[in-house]
Each structure stands twice: as structure tokens, then as C-alpha cells.
Amino acid sequence: MERMLTFYPKLYLGEGIKETKLDKIKKKLVENPLLADVYVLTFARNPADQLEFFDAKQLKQRFYDRHPLEIIGIARDYEDAVKLVEQITRECLSERGDCRLKEYLTC
């Protein structure tokens, strides 16, 4: 069974991700995330949080076969994922004057 993943229209890519490899990475995330070797950035499931990121290997858990997930960003590793969150936060602060990241990303 394939995971129910969608990708954010303006997908954020970490410095370690080459756009030329993006289609291949997306396919791996859907079909076999154990081979993806990347981190994914998503909206947090916990309403008290805004964003979360984790090793894509976690997508292999059955939970993600039944629960849709929107990928907002793809990063090479933990540090790359932290930089993506910082980038999104800076953009949001610059454009909106606040750090309501969910609202910023969904408008």
C-alpha cells in the first residue's frame, strides 16, 4: 500500500537536495521511504505546535498508510531541516510580522 503523501505546491528544499533529483526522491518517499535517506518537514499533528520534521524512514510505519501527510519541505539531514524551519520563519516574519507559520504556509 502506498503512503498518502501530498507535496506542498511551493515545496521547500534544503541545501543538500538537488532539484534534478527531486522526482526520484518523491517517488522513494511514496514507494519505499527506507531508501529515501532524507528528512521531511510537515505540519505538526499536535495543535500546540506548528511544524515538525523527522527522518523519512519513519514514513514506513503503517500509520502513514492510513493518515494523509503533506510534505512541506525535504532536507538532506537534521541540520538541513533546522535551516529550512529557520528560512520559513524568517520569510513569515518578514512578510507578516509574526511567526504563525501554519497560517503563512496555508494562505
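So, here is what we can say about the structure in this document. (Residues numbered from 1 in each chain as written. Predicted model: local features only at pLDDT ≥ 70, side-chain atom pairs only at ≥ 80, totals over all residues. Heavy atoms only, no water.)

1. Side note on the pairing of strand β2 (residues 39-43)
Looking along a regular strand, one sees the side chains alternate between the two faces of the sheet.
Here's step 1: Burial of β2 is extensive: four of the five residues sit out of reach of the surface.
Here's step 2: The pairing of β2 with strand β3 (residues 51-55) spans five bridges and is classified as antiparallel. Following the sheet pairing, Y39 is matched in β3 by D55.
Here's step 3: By the bridge criterion, four bridges tie β2 to strand β4 (residues 69-75) in an arrangement that is antiparallel. (Buried < 20%, exposed > 50% of the residue type's maximum accessible area, 1.4 Å probe, protein only. Helix = DSSP H or I, 4+ residues; strand = E, 2+ residues; numbered from the N terminus. Pairing = 2+ DSSP bridges.)

2. Brief notes about the sheet that holds strand β1 (residues 5-13)
Here's step 1: Read from one edge to the other, the open sheet built from four strands follows the order β1-β4-β2-β3, with strand pairing classed as mixed. On the outer flanks of this sheet lie β1 and β3, each paired with one strand and no other. On average, adjacent strands in this sheet sit at an angle of 35° to one another, irrespective of strand direction.
Here's step 2: Across the sheet, helix α1 (residues 22-31) touches β1, β2 and β4, and the angle it forms with β1 is around 145°.
Here's step 3: Each of β1, β2, β3 and β4 touches helix α3 (residues 78-96); the most contacted strand, β4, lies at about 110° to it. (Axes fitted to C-alpha atoms, helices over the stretch in contact; angles between N-to-C directions. Contact = heavy atoms within 4.5 Å.)

These figures come from the coordinates and say nothing about function on their own.
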